[in-house]
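Chain by chain, the residues run as shown.
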Amino acid sequence: MARSIAFREALREAMSEEMRRDDRIFLMGEEVAEYNGAYKVSQGMLAEFGPRRIIDTPISELGFAAVGVGAAQNGLRPIVEFMTWNFAVLALDQILNTASKMLAMSGGQITCPIVFRGPNGSAGQLGAQHSTAFESLYANIPGLKVVSPSNGYDAKGLMKQALRYENDPIVFMESEVMYGDKSEVPDEEYYIEIGKADIKKAGRDVTIVSFNKMMKVALGAAQELEKEGISAEVIDLRTIRPLDWHTILESVKKTNRLVIVEEQWPFASVSSEITYRIQKEGFDYLDAPIRRITAADAPLHYAPNLVAAALPDVPRTVRLVKEVMYQTK
């Protein structure tokens, strides 16, 4: 049996189920307790688990990230919520210089099983300082695993996997505009392996790769292309590091064309890495250059017309697919 639940509920279920099983897990962050979470992801968790395991913190990302990292290195399994990943740059010293490096620096003696999570990327008219997508930045850091799901089903399975089985620090990136999105989530317990992409729609003519909320653009473009007789295979990366480029390569062997849709800035982005891997390992299978659509190479402005111009959308993705299909009409 399955239920239709919101993205935020799927995350809450994942955390609560694992917290009931393992008393080493606790959640900390700004407004996670008394206010039930800035986006109501942790609603009701304080009442169930109490203030020793659902902990409100001051507005000090570096400070509470450090507390979480220290706790993880001493045998606990913290979840650290950032109100937005834009604010987590203040905690980057702990994520980069301590969490990601300690396993190597200790010769494998000290692990850091911690989940850093919160909303990432743009969410409308929030201005440039609250609208950055950070997947490629964190994926550039050895020692971290970067998760960026597009729906509640995947989010729950990946979060449960992170909390139960992973001993590496996990960067878990959500989206404000997806917290209310509904997904079918099974009643039975399930886990999703980190590092495995998922084919959301099979196709034969072109491969479209995306992740997080840009999957809506990728799937929307595939739907429009279907009306014109173009069959697109749509792949959801789900995790950025490890990057499952093998699934993309196998798809390109079939379709011979690749388009990537992402919310990152273009320079040194996720699509840059995918493009390198596929042209290196699958050059002979390509019948057209790999193309991508990214966010504009500029800070995201406040005005809604500029937000729309800066981010990928369905019409531009459809046009790009037609270009790699050599259909220029």
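Refer to the structure printed above.
Residues numbered from 1 in each chain as written. Predicted model: local features only at pLDDT ≥ 70, side-chain atom pairs only at ≥ 80, totals over all residues. Heavy atoms only, no water.

Observations concerning the nonpolar core
Judged by nonpolar contacts, the single largest core of 43 residues is most densely connected at F82, W85, F116, Y138 and I274. Secondary structure elements with two or more residues in this core: β2 (25–29), α3 (61–73), α4 (92–99), α6 (135–139), β7 (170–174), α9 (245–255), β13 (258–261) and α10 (270–282). Residue contributions to this core peak at 5 residues, all from α3. Ignoring any residue separated from it by four or fewer positions in sequence, one finds Y138 in contact with W85, A88, V89, L92, I95, L144, V146, V171 and M173. With 33 residues, the next largest nonpolar core counts I5, Y39, M45 and M159 among its residues. (Core = buried A, V, L, I, M, F, W, Y, C linked by side-chain atoms within 4.5 Å. Buried < 20%, exposed > 50% of the residue type's maximum accessible area, 1.4 Å probe, protein only. Helix = DSSP H or I, 4+ residues; strand = E, 2+ residues; numbered from the N terminus. Contact = heavy atoms within 4.5 Å.)

Describing the layout of surface pockets
One number sums up the size of the largest pocket: a volume of about 280 Å³. If you go around the largest pocket, you meet 14 residues; those closest to its centre are A139, I240, R241, L243 and E273. Tallying contributions element by element places α10 first for the lining of the largest pocket, with 4 residues. Taken together, the residues that form the lining of the largest pocket break down as 7 nonpolar, 4 polar and 3 charged. (1 Å grid on protein atoms, 1.4 Å probe; cavity = no way out; pocket = protein on both sides within 12 Å on 5 of 7 lines; lining within 4 Å. Points joined across faces, edges and corners; volume = space filled by probe spheres on them. Nonpolar A, V, L, I, M, F, W, Y, C, P; charged D, E, K, R; others polar.)

Concerning empty space enclosed by the protein
By the definition in use, this model includes 2 cavities of 30 Å³ or more. Within this model, the largest cavity holds a volume of roughly 120 Å³. Here the lining of the largest cavity is built from residues that sort into 10 nonpolar, 4 polar and 1 charged. Space inside the second largest cavity adds up to approximately 50 Å³. Forming the boundary of the second largest cavity are N120, A133, E135, F211, N212, K213, M214, E262 and E263. Grouping the constituent residues of the lining of the second largest cavity by class yields 3 nonpolar, 2 polar and 4 charged.

Section: the sheet that holds strand β9 (residues 198–201)
The sheet built from 5 strands is open, its strands ordered β9-β11-β10-β13-β14 with mixed pairing. Across the chains shown, the open sheet's two edge strands, defined by having one partner strand only, are β9 and β14 (291–293). Shown here is a sheet whose adjacent strand axes are inclined to one another by a mean of 25°, direction ignored. As judged from the 3 bridges shared by β13 and β14, these two strands associate in the parallel manner. Note on β14: the bridge partner recorded for V259 is R291. The sheet strands contacting α10 are β10 (206–210), β13 and β14, and the helix crosses β13 at an angle near 160°. (Pairing = 2+ DSSP bridges. Axes fitted to C-alpha atoms, helices over the stretch in contact; angles between N-to-C directions.)

Thoughts on the environment of Y35
For Y35, the location among the structural elements is in the loop between β2 and α2 (45–49). Looking at Y35, the relative accessible area reads 47%, which means it is partly exposed. Considering only alpha carbons, one finds Y35 and A6, 29 residues apart in sequence, at a separation of 19 Å.

Regarding the environment of G157
If you trace the backbone, G157 turns up in helix α7 (residues 152–165). You can call G157 buried: its relative accessible area is 0%. Here the alpha-carbon distance between G157 and E193, two residues 36 residues apart in the chain, equals 8.0 Å.

Thoughts on the packing of α3 against α4
α4 packs onto α3 with a crossing angle of 25° between their chain directions and a minimal axis gap of 8 Å. Regarding the angle of α3 to α4, the classification is roughly parallel. Considering the relative orientation of α3 and α4, their crossing is right-handed. Facing L62, A65, A66, V69 and Q73 of α3, the residues of α4 in contact are D93, Q94, T98 and A99. A per-class count over the contact of α3 with α4 returns 5 nonpolar, 3 polar and 1 charged. (Parallel < 35°, antiparallel > 145°, perpendicular 65-115°, else oblique. Left-handed = near helix turned anticlockwise from the far one by under 90°.)

With respect to α9
For α9, the full list of buried residues reads W245, T247, I248, L249, S251, V252 and T255. Tucked into the core, α9 has its buried residues touching β9, β10, β11 (232–236), β13 and α10. At the exit of α9 stands N256, carrying a positive phi of roughly 70°.

Description of unusual backbone geometry
Here the amide bond leading from R241 into P242 is cis, since omega sits at 0°, within 30 degrees of zero. Tracing the backbone through its elements, the reader meets P242 in the loop between β12 (239–241) and α9. Of note in the backbone geometry, A268 takes a positive phi value of approximately 55° without being a glycine. Along the polypeptide, A268 turns up in the loop between β13 and α10.

Section: the environment of E273
Within the secondary structure, E273 is located in helix α10. Given the relative accessible area of 33%, E273 is considered partly exposed. A sequence separation of 212 residues divides E273 from E61, and the C-alpha atoms of the two residues are 30 Å apart.

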